[in-house]
Amino acid sequence: MRASWEDVRSNSGWLIGNGKNINFWSDSWNGSNVLDTLNATEGSHPFAKDKAATYIQNRQWQLPNAIQIMFPTLANLLSNVHLSMLEKDDLFIWTPAADGILTLKAAYDFKSCNYNDFDWGKLIWNAHIPASQSLVFWRLLHNKVPTDDNLIIRGIQIPSISRIWKFLSSIMSHNFSSVTDVWTAYKKLNSDQSKLVLLDASISIVNTIWKARNLSRFEDKNITWTSVLNLVKVEVAFTGNTTPKIGSNSVLDFQLLKSFNIKLNPPKAFIVKEFLWHPPVLH
């Protein structure tokens, strides 16, 4: 709650009614508080604790002469604030919401808008790809994988590892910056089969590197870079050859499938039906 207090303070305010609950100078009731608008400091004058109701008489603003002399522009500022003719209580509102009410949904929408919305976020959850692998990829994209860099940031000291796995760990730590390039290539593909192969290859690369890194660190089993690539190719080839998704006659799609030794699932041939047309009989 303390970490979000600044968000709450800057996105909430008062809807003025009778002014009995609003500090005229320090509370936000006109888009910002009066002190900020006048570039004044709190406690610089003897009226700092006055309620807004102190300056309201007969549903109109009434400023003492001393305040008008001290802040000549304040009267002009208040002329733009119209008071209700009815006796109403002050209402504390959540400004991002249209109705001013802070609900659980409004809080979720506010917090979620601060995160990046990935176009490919839902694509990684695929029936043809194990959910455990998609989960590792999803955690990587959101920088939630316990890589060496993330552990050091959290104050956890770890022993040094070989140079190759330091390099691979740095790839994992940089949130897989080439995902944008992968997404661009994904949109250029024409068939569902090729898109699945590219998606599975991206996820498999991350998972295989992560597994090899853990084997090297925790079980002292070193896996060569060539073995990592072969494991990726085998897994992607299995997915591409067993999927019922249809390919296309695109050269780009064909080159991608060929690089993983995947057979193309040809699209269904068009069924040509012959029919005879006779002109209608006119009576």
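Above: the structure in question.
Residues numbered from 1 in each chain as written. Predicted model: local features only at pLDDT ≥ 70, side-chain atom pairs only at ≥ 80, totals over all residues. Heavy atoms only, no water.

## Some points on the overall build of the protein chain
Looking only at helices and strands, one finds 12 helices and 4 strands in the protein chain. A buried classification covers 36% of the 283 residues belonging to the protein chain. Sequence-distant contacts in the protein chain: of pairs separated by 6 or more residues, those separated by 24 or more amount to 66%. Summed over all atoms, the accessible surface of the protein chain reaches about 19,200 Å², with 58% contributed by carbon and sulfur. (Helix = DSSP H or I, 4+ residues; strand = E, 2+ residues; numbered from the N terminus. Buried < 20%, exposed > 50% of the residue type's maximum accessible area, 1.4 Å probe, protein only. Contact = heavy atoms within 4.5 Å. Areas by Shrake-Rupley, 256 points an atom, 1.4 Å probe, with all protein chains shown as cover.)

## Notes on the pattern of salt bridges
Considering all chains together, one arrives at 1 salt bridge under this definition. With its nearest N and O atoms 3.3 Å apart, the salt bridge here joins Glu-219 to Lys-221. You can call Glu-219 partly exposed: its relative accessible area is 45%. (Salt bridge = Lys/Arg side-chain N within 4 Å of Asp/Glu carboxyl O.)

## Observations concerning the side chain of Asp-253
Tracing the backbone through its elements, the reader meets Asp-253 in helix H12 (residues 251-259). The charged side chain of Asp-253 is buried without a salt bridge, its nearest counter-charge being Lys-195 at 8.0 Å. From its side chain, Asp-253 meets the backbone nitrogen of Asn-190 in a polar contact 3.2 Å long. When sequence neighbours within four positions are dropped, the list of residues in contact with Asp-253 reads Leu-189, Asn-190, Ser-191, Ser-194 and Ser-248. (Lys, Arg positive; Asp, Glu negative; His and termini not counted. Polar contact = N/O pair within 3.5 Å; in protein donor to acceptor, adjacent residues only side chain to side chain.)

## Some points on the nonpolar core
Nonpolar side chains in soluble globular proteins tend to be buried together. Membership of the largest hydrophobic core comes to 22 residues, with the highest contact counts inside it found for Phe-24, Trp-25, Trp-29, Trp-61 and Leu-74. Of all the elements in the fold, those that place two or more residues in this core are helix H2 (34-37) and helix H4 (74-78). Broken down by element, the residue count for this core peaks at 3 residues, all from H4. (Core = buried A, V, L, I, M, F, W, Y, C linked by side-chain atoms within 4.5 Å.)

## Looking at the packing of helix H10 (residues 192-218) against helix H11 (residues 225-242)
Two numbers describe how H10 lies on H11: the axes approach to 9 Å, and their chain directions differ by 145°. Judged by the sense of rotation from one axis to the other, the crossing of H10 with H11 is right-handed. For the pair H10 and H11, the contacting residues are Gln-193, Leu-196, Val-197, Asp-200, Ala-201, Ser-204, Ile-205, Thr-208, Ile-209 and Ala-212 in the first and Trp-225, Val-228, Leu-231, Val-232, Glu-235, Val-236, Thr-239 and Gly-240 in the second. Within the contact of H10 with H11, the residues separate by chemical class into 11 nonpolar, 5 polar and 2 charged. (Axes fitted to C-alpha atoms, helices over the stretch in contact; angles between N-to-C directions. Left-handed = near helix turned anticlockwise from the far one by under 90°. Nonpolar A, V, L, I, M, F, W, Y, C, P; charged D, E, K, R; others polar.)

## Some details on the side chain of Thr-243
Here Thr-243 lies in the loop between H11 and H12. For Thr-243, the side chain forms a polar contact with the main-chain nitrogen of Lys-245, separated by 3.2 Å. Setting aside chain neighbours within four positions, we find Thr-243 in contact with His-128, Gln-193, Leu-196 and Asn-265.

## Describing a nonpolar patch on the surface
A cluster of nonpolar side chains, contributed by Trp-125, Leu-135 and Trp-138, occupies part of the molecular surface with about 300 Å² of accessible area. Tracing the backbone through its elements, the reader meets Trp-125 in the loop between helix H5 (104-112) and helix H6 (131-141). The exposure class of Trp-125 is partly exposed, given its relative accessible area of 43%. (Patch = residues over 30% accessible without salt bridge, like charges linked within 9 Å, V, L, I, M, F, W, Y side chains within 5 Å.)

## Some points on unusual backbone geometry
The residue Asp-220 is not glycine, and still its phi comes out positive at about 55°. In this structure, Asp-220 sits in the loop between H10 and H11. Note on Asp-220: relative accessible area 64%, which makes it exposed. One non-glycine residue with positive phi stands out, namely Asn-261, at about 55°. For Asn-261, the location among the structural elements is in the segment after H12. Relative accessible area serves as the criterion here: at 67%, Asn-261 is assigned to the exposed category.

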